[in-house]
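# Observations on the three-dimensional arrangement
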Amino acid sequence: KKLSEIYGVGPENIIVTNGSDEVLNFLFMAFADEKAPLVFPDITYGFYPVFAKVNNIPYEEKPLNDDFSINVEDYIGVNKTVVIANPNAPTGICLPICEIERIVASNPNNIVIIDEAYVDFGGESAVSLVPKYDNLIVTQTFSKSRSMAGARLGFGIANEKIISDLN
């Protein structure tokens, strides 16, 4: 209830999990397979390929630009389950919300996961896009900026159908 008040969404738009890794794993299991393989940057959070391998999900890693930024064009209309840490880890480089929206809008038949584990350190949250797009889920954690790693508290914000599927 408190998260829904803070983020301006209904409680039905939130799933609370055992750290954000759990919601990421749930998302991979629920929304990625041979027909909807994963795509994410080649330099990013190291658990993405681990979760993909554990769940036997094919995946593609897209190279970063020479300046370590994400090439947004690599994710436009790919018809795959897109996973982007924003800001990216370990580079710390953020995509602006308008670029995230381009990615989400261009993949209407696939889930786009925006992992905001480090968003409080810089960058704008994509939660404001959730009411507009049925294929977007934003994940966050209490482990980083909120200094509660030992509590193992993470959450995802998406439309009610995605949250219902995850539950």
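Summarised in this report is the structure supplied together with it. (Residues numbered from 1 in each chain as written. Predicted model: local features only at pLDDT ≥ 70, side-chain atom pairs only at ≥ 80, totals over all residues. Heavy atoms only, no water.)

### With respect to the pattern of salt bridges
For the coordinates displayed, the defined rule picks out seven salt bridges. Its salt-bridge partner being Glu 5, residue Lys 2 comes within 3.6 Å of it at the nearest N-O pair. On the criterion of helical spacing, the pair formed by Lys 2 and Glu 5 is a turn pair, its members being three residues apart in helix H1 (residues 2-7). By relative accessible area, which is 58% here, Lys 2 ends up exposed. Here Glu 5 falls in the partly exposed class, since its relative accessible area comes to 48%. As a salt-bridge pair, Lys 132 and Glu 101 come within 2.7 Å of each other at their nearest N and O atoms. Of this pair, Lys 132 sits in the loop between strand S5 (112-115) and strand S6 (136-141) while Glu 101 is found in helix H4 (residues 97-106), placing the two residues 31 residues apart along the sequence. Where salt bridges share partners, they join Glu 60, Lys 62 and Lys 80 into one cluster. (Salt bridge = Lys/Arg side-chain N within 4 Å of Asp/Glu carboxyl O. Helix = DSSP H or I, 4+ residues; strand = E, 2+ residues; numbered from the N terminus. Buried < 20%, exposed > 50% of the residue type's maximum accessible area, 1.4 Å probe, protein only.)

### As for the sheet that holds S6
The strand order across the open sheet formed by seven strands is S1-S7-S6-S5-S4-S2-S3, and the pairing between neighbours is mixed. The sheet is open, and its two edges are formed by strand S1 (14-18) and strand S3 (59-62), each paired on a single side. If you compare each strand with its neighbour and ignore which way they point, the axes differ by 20 degrees on average. The sheet contact formed by S6 and strand S7 (residues 153-158) spans five bridges and is antiparallel. Across the sheet, residue Ile 137 finds its bridge partner in S7, namely Ala 158. Sitting on the sheet, helix H2 (residues 19-31) touches S1, strand S2 (38-41), strand S4 (81-85), S5, S6 and S7, and the angle it makes with S1 is about 115 degrees. This element, H4, spans S4, S5 and S6 of the sheet and lies at about 155 degrees to S5. (Pairing = 2+ DSSP bridges. Axes fitted to C-alpha atoms, helices over the stretch in contact; angles between N-to-C directions. Contact = heavy atoms within 4.5 Å.)

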